[in-house]
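Residue-level structure breakdown
What follows is the residue order along each chain.
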Amino acid sequence: MTAGDAIPAGGPDRHVPVLLAEVLAHLAPAAGKVIIDGTFGLGGYSRAILNAGASVIGIDRDPNAIADGQALVSEYEGRLQLVHGRFGDLDEIAAGQGHETVDGVVLDIGVSSMQLDEAERGFSFRFDGPLDMRMSQEGPSAADVVNTMEARDLARIISVLGEERRAGAVARAITQDRVAKPYLRTSELAGLVERVVGKKPTDPIHPATRTFQALRIYVNQELDELGRALVAAERVLKPGGHLVIVSFHSLEDRIVKRFLAERSEIRAGGSRHMPERTLAAPTFTLMSKGPVVAGYEETSRNPRARSAKLRAGIRTEAPSRPFDAAAAGVPALPEFKVARS
């Protein structure tokens, strides 16, 4: 079976891995190598990596993904280890599976098609469902956030993570209307946002898209987790190991781009406030100057691929470095807390 023919664990119709051929080309899986698939999902990347002869440590914070992947574990007879956890802990997870270092790490950032397609998970307003959005199915839900947080905190979340220009108006409407009736369904919140933001026939996306995106990212702490995963990959990759990240949104791609750019430069260890004392050797070499994007054939076949960007680096022998989340573009956001009555 070739890379292009690889079928995800959940079947050919449930999920099409984006940029699969390009991921494999940059990851270079082969017999004897150990690869971490930090976003296992429906197993599309993992199956292709296994077919290339490598072993895989698959990680997912969604317990449904781990349960659904057990058939793939059996099929590959010991070459796939599945772990329920966060990819920000991927180095610790690898060590727990007996691997202090690995040959490759691949991350497909964002929500999976499995989660979007299941109404009861509450990720999408395409189907009415509970306003949930929790990948791990633990902790505060989107309903908890919209029904309890202060208007100013909601506005910042929707503005920063959704890049919604009318975030303030949306937040005020939510906090005013929830007094009479809390928002518990995706259709209810989508209806409010459409009423506040408005919808023109020429709009390419539904007016609630940005607000839903913001809530999903906030509920799952996706940008913080991405930052943790990048430095965890730096720690666990052996010299010559490959890091491959596919992102779908500018917020995610900006963090990946800044991380790899900063980690691939020989730079002074000081700052404009501190004297330069040492030189920090680069921890990665870039595999391409810019992002790899999907071609016309793939975007025609799979619209999700249109926004995908692949960036990759090869680990050097230099020691790993501390991570500056703010410098990498991880935004500071309000902590989850109930509004004062």
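This is a predicted model, so every value here is computed, not measured. (Residues numbered from 1 in each chain as written. Predicted model: local features only at pLDDT ≥ 70, side-chain atom pairs only at ≥ 80, totals over all residues. Heavy atoms only, no water.)

With respect to the overall build of the protein chain
Defined as follows: Per the convention used, a helix needs a DSSP run of H or I reaching at least four residues, while a strand needs a run of E reaching at least two, with both numbered from the N terminus. Only protein chains enter the calculation, and the probe is 1.4 Å; a residue is then buried if its accessible area is under 20% of its type maximum, exposed if over 50%, and partly exposed in between. Contacts were defined at the residue level, with two residues in contact if any of their heavy atoms lie within 4.5 Å. Each accessible area is a Shrake-Rupley estimate made with a 1.4 Å probe; only the visible protein chains count as cover when residues are assessed.
Check the secondary structure of the protein chain and you find 14 helices and nine strands. Across the 341 residues that make up the protein chain, the buried fraction comes to 52%. Taking the intrachain contacts of the protein chain between residues at least 6 apart in sequence as the baseline, contacts between residues at least 24 apart amount to 69%. On the protein chain, roughly 15800 Å² of surface is accessible, and the fraction owed to carbon and sulfur atoms is 51%.

What to know about the pattern of salt bridges
This is how the line gets drawn: Salt bridge, as used here: a side-chain nitrogen of Lys or Arg that lies within 4 Å of a carboxyl oxygen of Asp or Glu.
One pass over the structure, following the stated rule, counts 18 salt bridges. Of the charged contacts in the structure, one is a salt bridge between D108 and R304, with a shortest N-O distance of 4.0 Å. Here D108, found in strand β4 (residues 102-108), pairs with R304, found in the loop between α14 (296-301) and β9 (309-315); they are 196 residues apart in sequence, far enough to count as distant. Between R301 and E297 there is a salt bridge whose closest N-O contact spans 3.8 Å. With R301 and E297 both in helix α14, this residue pair falls four residues apart, about one helical turn.

Topic: the packing of aromatic side chains
In plain terms, the rule: For Phe, Tyr and Trp, rings pair up if their centres lie within 6.5 Å, where Trp contributes its six-membered ring, and each pair is then called stacked (planes under 30 degrees apart), edge-to-face (over 60) or tilted (otherwise). Criterion for a charge above a ring: Arg CZ or Lys NZ at most 6 Å from the ring centre, at most 35 degrees from the ring normal.
Applying the stated criterion across every chain, the model contains two aromatic pairs. Ring pairs connect the aromatic residues F259, F284 and F323, which therefore count as one cluster. Sitting over the face of the ring of F248, R304 holds its NZ or CZ atom 4.2 Å from the ring centroid.

A look at the sheet that holds strand β3 (residues 80-84)
For clarity, the cut-off: Two strands qualify as a pair provided DSSP detects at least 2 bridges between them. Structural elements are reduced to axes, namely lines fitted to C-alpha atoms, with helices fitted over the stretch in contact, and the angle between N-to-C directions of any two is expressed from 0 to 180 degrees.
The strand order β3-β2-β1-β4-β5-β9-β8 describes an open sheet built from seven strands, whose pairing is mixed. Every interior strand has two partners, whereas the edge strands, β3 and β8 (284-286), have only one. Neighbouring strand axes in the sheet, compared pairwise and without regard to direction, differ in orientation by 20° on average. Of the pairings in the sheet, the one linking β4 to strand β5 (residues 237-247) comprises six bridges and is parallel in character. Its bridge partner lying in β5, L107 is registered against I245. Where helix α1 (residues 20-27) meets the sheet, its contacts fall on β1 (34-37), β4, β5 and β9, and the angle it forms with β5 comes to roughly 165°. In the packing of helix α2 (residues 44-51) onto the sheet, the strands contacted are β1, β2 (55-60), β3, β4 and β5, and the crossing angle to β2 comes to about 170°.

A word on unusual backbone geometry
Unlike most non-glycine residues, A28 shows phi in positive territory, near 55°. Positive phi, normally seen in glycine, also occurs at E163, with a value near 50°. Within the secondary structure, E163 sits in the loop between α8 (151-162) and α9 (167-177). Note on E163: relative accessible area 38%, which makes it partly exposed.

Comments concerning the nonpolar core
Put simply, the test is: Each nonpolar core is a collection of buried residues, namely Ala, Val, Leu, Ile, Met, Phe, Trp, Tyr and Cys, held together in the definition by side-chain atoms within 4.5 Å.
The biggest cluster of nonpolar side chains holds 63 residues, and the ones touching the most others in it are I36, L90, V105, L131, L189 and L243. The element best represented in this core is helix α12 (residues 222-236), accounting for eight residues. Within the second largest apolar cluster, 29 residues are counted, among which are V56, L80, F248 and L310.

Thoughts on the side chain of R321
Using the following cut-off: In protein, a polar contact means a hydrogen-donor-capable atom and an acceptor-capable atom, both N or O and within 3.5 Å, with residues adjacent in sequence counting only if both atoms are side-chain atoms; elsewhere, any N or O pair within 3.5 Å suffices.
When you line up the elements, R321 lands in the segment after β9. Side-chain polar atoms of R321 contact the backbone oxygen of A281, separated by 2.7 Å.

Things to note about the side chain of T299
In this fold, T299 is placed in helix α14. Apart from the residues within four sequence positions on either side, T299 is in contact with A294, A305 and R306.

Quick look at the packing of α12 against helix α13 (residues 250-263)
Convention followed: Any angle between 65 and 115 degrees counts as roughly perpendicular, while under 35 counts as roughly parallel, over 145 as roughly antiparallel, and the rest as oblique. Here is the rule for handedness: rotate from the far helix to the near one, and if that takes an anticlockwise turn smaller than a right angle the crossing is left-handed, while a clockwise turn gives right-handed. Gly falls in the polar group here, along with every residue not listed as nonpolar (Ala, Val, Leu, Ile, Met, Phe, Trp, Tyr, Cys, Pro) or charged (Asp, Glu, Lys, Arg).
Here α12 crosses α13 at 25°, and the two axes come no closer than 10 Å. One element, α12, and the other, α13, form an angle in the roughly parallel class. With respect to the hand of their crossing, α12 and α13 are arranged in right-handed fashion. Note on element contacts: α13 touches α12 through L251, E252, I255, V256, F259 and R263, opposite E222, L223, L226, L230, V231 and E234. Classifying every residue of the contact of α12 with α13 by side-chain character gives eight nonpolar, no polar and four charged.

A few points about the pairing of β1
What counts, and what does not: For crossovers, right-handed means that the path from the first strand over the helix to the second runs clockwise, given strands pointing away from the viewer.
Burial along β1 is two-sided: V34 and I36 and I35 and D37, pointing in opposite directions, are all buried. Where β1 lies against β2, four bridges are found, and the strand directions are parallel. Note that in β2 the partner of I35 across the bridge is V56. With respect to chirality, the unit in which β1 leads through α2 into the neighbouring parallel β2 is right-handed. Direction of pairing for β1 relative to β4: parallel, over a ladder of three bridges. Paired with D37 across the strands is V106, a residue of β4.

With respect to the environment of V292
Along the chain, the position of V292 falls in the loop between β8 and α14. According to the relative accessible area criterion, V292 is buried, its value standing at 18%. Taking the C-alpha atoms as reference points, V292 and A312, separated by 20 residues in sequence, lie 9.0 Å from one another. The residues contacting V292, other than those within four sequence positions of it, are L19, E22, H26, A308, K309 and L310.

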